[in-house]
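Report on the structure
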Amino acid sequence: MPRALLIVLDSVGIGGAADAGAYGDAGADTLGHIAIACREGRGRREGLRAGPLALPNLARLGIGLAHAASIGARAPDPDLAPPPGGPTGAYGHAVETSKGKDTPSGHWEIMGCPVAFDWGYFPDTQPAFPPALVEALVARADLPGILGDKHANGMAIIEECAAAHIATGKPIAYTSADSVFQIAAHEEHFGLERLYRVCAIAREICDEYKIGRVIARPFVGDATSGYRRTGNRKDYSTPPPADTLLDVLAREGRAVVSVGKIGDIFAHRGTGREVKGHGNAANLALALDAFDALPDGGLVFVNLVDFDQEYGHRRDVPGYAAALETFDRALPEIEARLSPGDLVVITADHGNDPTAPGTDHTREHVPVLAFGPGIAPRDLGRAESFSAIGEMVARHLGVAMPRGAHPPNCTMSS
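Note that the coordinates shown come from a computational prediction; the quantities given were computed from them, not determined experimentally.

1. Comments concerning the overall build of the protein
Helix and strand counts for the protein come out as 13 helices and 14 strands. The C-alpha atoms of the protein give 21 Å as radius of gyration, which agrees with the globular expectation for 414 residues (22 Å, within 12%). The C-alpha extent of the protein, read off along each of the three principal axes, is 65 × 50 × 40 Å. Taken over 414 residues, the protein has a buried fraction of 61%.

Here it is as structure tokens:
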């Protein structure tokens, strides 16, 4: 039986969404704008990288052709074009049908559960949270109060409020344009397990407000050395409202290994064995080790969050470009570890254009790159739902997508 490795490059959108304007994201193009910025010298950082964006392996697989089709360009960006002789992978792009531009919506739709309802959001006011929500959290979690209570960039609000947080014991609560309630606290002064307990309580309270995720954002450090977030982030997601491909695989008794924040995104339902590292390199290494040991018929599902968390939200073009180049250099190792019958699919869950205003996700199409022994290079075309990505994996593994998944573009089969 075949096996599959599904890699989500968190936030690596490729522009083109027709409804981007409705989300305030008209013209957003994460990959394309990074390529342009690097070519113009805006991707240079001393000691990190310089020059045009160099993604020879992703270009060889067809990402430049997928990007060109997504934005309606006649030819691929010169720095993303495949080598002479054409691409070596199957390539295409997918359109999101779910409402929103957030992580759960993107991942759930990939797995065959599009989001047809409206998430709850907090207004961009100060305070941002309903008084009843704050009062309930303070009372139930036995807190002296909260700090923040506004839309904010994660590191910026930590730097702003960390000293007061340490002095008062009040956690830092903030949100964004996504359906999230985030709580930051110092691992040593507040305690990691205490932060998790507070977030679990907040998850229950936020259900009433249809908030997709409560996120624990632990950090360490001090005013002298600076503050930094740790790898102990934990997401408390509401579960998908219907079955996903993961549920199907669980019922079929297939092996599933979820790497990175996949377990959190799906509220640990159908996610099999969960492993989590700190950063893209660690999570990719865990995914490859899991794939080496994966039995026939199994799936390894990994999210590489650094693109989004470390670089997209911080509007860091050089950092984002360097992270893409690092992943690109890992592709030959991924290919070398494949056996006959294996399929690798690389995609994304939304965009986060680091050249766009603000610090939030951007509504974009996502790339779909498929390769492996026996996978013929070809144009997969345009899929009218992210569910086509899960359909590709499901067909390869010989299982049916869950009932309710949008009919995929049939050319997306592996």
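2. Some remarks on the packing of aromatic side chains
Aromatic rings in a pair are described by how distant their centres are and how their planes are angled relative to each other. One pass over the full model with this rule turns up eight aromatic pairs. Taking the centre distance of 4.6 Å and the plane angle of 55° together, the rings of Phe129 and Phe181 count as tilted. Residue Phe129 is located in the loop between helix H4 (103-110) and helix H5 (131-140), and its partner Phe181 is located in strand E5 (residues 180-186); the two are separated by 52 residues in the primary sequence. By relative accessible area, Phe129 is classed as buried at 3%. With a relative accessible area of 0%, Phe181 lands in the buried category. Feature note: the residues Trp108, Phe117 and Trp119 constitute an aromatic cluster, connected by ring pairs. Above the face of the Phe190 ring, Arg194 is positioned so that its terminal group lies 4.1 Å from the ring centre.

3. Observations concerning the nonpolar core
Formed by 82 residues in total, the largest nonpolar core has its most connected members in Leu5, Ile7, Phe327, Ile334 and Ile346. When residues in this core are grouped by element, the largest group, eight residues, is from helix H12 (residues 317-336). Residue contacts for Ile334: discarding those within four places in its chain leaves Leu5, Ile7, Leu284, Leu288, Phe327, Val344 and Phe371. Core analysis: the second largest hydrophobic core is formed by 27 residues, Phe129, Ile205, Val214 and Ala216 among them.

4. Details of the side chain of Arg363
Among the secondary structure elements, Arg363 is positioned in the loop between strand E12 (342-347) and strand E13 (366-371). Within the local environment of Arg363, its side chain forms a polar contact with the backbone oxygen of Gly100, the two atoms lying 2.4 Å apart. Those residues in contact with Arg363, other than ones at most four positions away along the chain, are Ala17, Asp19, Ala20, Tyr23, Asp25, Glu96, Thr97, Ser98, Lys99, Gly100 and Lys101.

5. Side note on the sheet that holds strand E10 (residues 273-275)
The strand order across the open sheet formed by eight strands is E10-E9-E11-E1-E12-E13-E2-E14, and the pairing between neighbours is mixed. Of all the strands in the sheet, just E10 and strand E14 (378-383) have a single pairing partner and so form its edges. Strand after strand, the sheet turns through a mean of 15° between neighbouring axes, direction not considered. Two elements, strand E1 (residues 3-9) and strand E11 (residues 299-304), share six bridges in a ladder whose sense is parallel. Looking across to E11, one finds that Ile7 is bridged to Val302. Along the sheet face, helix H3 (residues 63-71) touches strand E2 (90-94) and E13 and points at about 30° away from the line of E2. Set on the sheet, helix H10 (residues 280-292) makes contact with E1, strand E9 (256-259), E10, E11 and E12; between it and E11 the angle comes to about 175°.

6. Looking at H5
Looking at H5, one finds that the buried residues are Leu133, Val134 and Leu137. What you see down the axis of H5 is that its buried residues fit within an arc of 95°, all on one side. For H5, the exposed residues lying more than 90 degrees away from the buried face are Pro131, Glu135 and Ala139. Those residues of H5 hidden inside the fold are in contact with strand E3 (147-151), E5 and helix H7 (187-206). Asp142, located one to two residues past H5, shows a positive phi value of around 55°.

7. With respect to the pairing of E2
In terms of residue burial, E2 counts as a mostly covered element, since five of its five residues are buried. Alternating positions in E2 separate into two faces, Ala90, Gly92 and Ala94 on one and Tyr91 and His93 on the other, with burial throughout. In this structure, E2 lies alongside E13, joined through five bridges in antiparallel fashion. Bridging from a neighbouring strand, Ala94 pairs with Val366 of E13. Pairing of E2 with E14 involves five bridges; the strand directions are parallel. Across the sheet, the residue bridging to Gly92 is Gly381, located in E14.

8. Observations concerning the environment of Asp222
Its location among the elements puts Asp222 in strand E6 (residues 213-222). C-alpha separation for the pair Asp222 and Ala162, spaced 60 residues apart in sequence, amounts to 8.2 Å. Within polar-contact distance, the side chain of Asp222 engages the backbone nitrogen of Ser225 at 2.6 Å.

9. Some thoughts on the pattern of salt bridges
With the rule as written, the count across this model stands at 27 salt bridges. Note that Arg363 and Glu96 form a salt bridge whose closest N and O atoms lie 3.5 Å from each other. Highlighted residues: Arg363 in the loop between E12 and E13 and Glu96 in the loop between E2 and H4, separated in sequence by 267 residues. There is no split in this pair, since Arg363 and Glu96 are both buried. In this structure, Arg140 and Glu204 form a salt bridge, with 2.4 Å as the shortest nitrogen-oxygen distance. Of this pair, Arg140 sits in helix H5 while Glu204 is found in helix H7, placing the two residues 64 residues apart along the sequence. Through salt bridges that share partners, Asp289, Asp292, Glu333 and Arg337 make up one connected network.

Analysis parameters
Residues numbered from 1 in each chain as written. Predicted model: local features only at pLDDT ≥ 70, side-chain atom pairs only at ≥ 80, totals over all residues. Heavy atoms only, no water. Helix = DSSP H or I, 4+ residues; strand = E, 2+ residues; numbered from the N terminus. Rg over C-alpha atoms; globule rule 2.2 N^0.38 Å. Buried < 20%, exposed > 50% of the residue type's maximum accessible area, 1.4 Å probe, protein only. Phe/Tyr/Trp six-rings, centres within 6.5 Å; stacked < 30°, edge-to-face > 60°. Lys NZ or Arg CZ within 6 Å of the ring centre and 35° of its normal. Core = buried A, V, L, I, M, F, W, Y, C linked by side-chain atoms within 4.5 Å. Contact = heavy atoms within 4.5 Å. Polar contact = N/O pair within 3.5 Å; in protein donor to acceptor, adjacent residues only side chain to side chain. Pairing = 2+ DSSP bridges. Axes fitted to C-alpha atoms, helices over the stretch in contact; angles between N-to-C directions. Arc of directions from axis to C-beta. Salt bridge = Lys/Arg side-chain N within 4 Å of Asp/Glu carboxyl O.

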